[in-house]
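# Observations on the model geometry
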Amino acid sequence: MRFSADHLLPGSPADVVAVWLDPRFHETLDLPDLSRPEVVEASTTGTASLLRLRYEFTGHLDPVVRKLLGNRKLTWIQDLHFDMVMMRGRLTFAAEADAKRLHGDADVTLEPTGENETRRHITGELHVRIPVIGGSGEKRIVPGLVTRLDVEAVALAEALKGRG
């Protein structure tokens with residue numbers, strides 16, 4: 001299922017990505033129904049940066065999903081690969097237990113929209129490959145995913161204001 005989110009953020013694209021790729025920003029970020037992430041990797045090689053985070057879902061799970069998980073927790077890895085020159089990147093996420101069943105990806109762009117303001121545009125797809133509940137699962141998950149992107153954007157804007 002496709003999703004998208006747009007956010008106007010105070011600061012240049014370079015300022016926005018500097019905060020967004022900072023592991024400390026994520027380690028203090030409270031998102032709905034998620035644990036604070038474990039930073040798995042934060043690296044830069046040349047102009048390419050990677051931030052890899054591990055999240056655990058802490059919200060209510062549908063009984064069918066709970067049954068599929070058994071005693072396992074629902075955790076996933078989220079990667080943000082970002083080109084610091086092009087101000088474009090790729091956001092990917094996949095369940096740790098079975099990445100083929102729950103995964104997604106999105107293209108990310110940061111564009112200056114005026115003096116000291118940046119538009120963050122994210123567009124992607126979420127896939128739930130579980131017989132019977134796949135499509136309905138996507139429809140239930142995507143609104144929460146977009147809400148978390150919105151909450152992240154508010155926190156990102158506050159962090160950017162705090163830097164100035």
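For clarity, every value in this text was computed on a predicted model and none was experimentally measured.

The helix and strand inventory of the protein chain stands at four helices and seven strands. Taken from N to C terminus, the helices and strands of the protein chain fall in the order β-α-α-β-β-α-β-β-β-β-α. Relative to its length of 164 residues, the protein chain is compact, with a C-alpha radius of gyration of 16 Å against a globular reference of 15 Å. If one aligns the C-alpha atoms of the protein chain with their principal axes, the spans along those axes are about 50 × 25 × 25 Å. Considering the protein chain as a whole, with its 164 residues, one finds that 41% of them fall into the buried category. A sequence separation of at least 24 residues applies to 56% of the contacts in the protein chain between residues at least 6 apart. Here the protein chain displays about 8,800 Å² of accessible surface, and carbon together with sulfur accounts for 53% of that area. For the protein chain, the distance from the average position of its 21 positive side-chain charges to the average position of its 24 negative side-chain charges is 7 Å.

Now for the sheet that holds strand 7 (residues 117–128). The strand order across the open sheet built from seven strands is 1-7-6-5-4-3-2, with neighbouring strands paired in antiparallel fashion. Whereas interior strands pair on both sides, the edge strands pair on one side only; in this sheet they are strand 1 (2–10) and strand 2 (38–45). Here the average twist between neighbouring strands, direction ignored, is 15 degrees. Looking at chain direction, strand 4 (residues 75–83) and strand 5 (residues 88–95) are connected through eight bridges and run antiparallel. Considered in strand 5, the bridge of D79 is made with T92. Packed on one face of the sheet, helix 1 (residues 13–20) meets strand 1, strand 3 (48–56), strand 4, strand 6 (102–114) and strand 7 and runs near 145 degrees to strand 6.

The rules we used
- Residues numbered from 1 in each chain as written.
- Predicted model: local features only at pLDDT ≥ 70, side-chain atom pairs only at ≥ 80, totals over all residues.
- Heavy atoms only, no water.
- Helix = DSSP H or I, 4+ residues; strand = E, 2+ residues; numbered from the N terminus.
- Rg over C-alpha atoms; globule rule 2.2 N^0.38 Å.
- Buried < 20%, exposed > 50% of the residue type's maximum accessible area, 1.4 Å probe, protein only.
- Contact = heavy atoms within 4.5 Å.
- Areas by Shrake-Rupley, 256 points an atom, 1.4 Å probe, with all protein chains shown as cover.
- Lys, Arg positive; Asp, Glu negative; His and termini not counted.
- Charge placed at Lys NZ, Arg CZ, Asp CG, Glu CD.
- Pairing = 2+ DSSP bridges.
- Axes fitted to C-alpha atoms, helices over the stretch in contact; angles between N-to-C directions.

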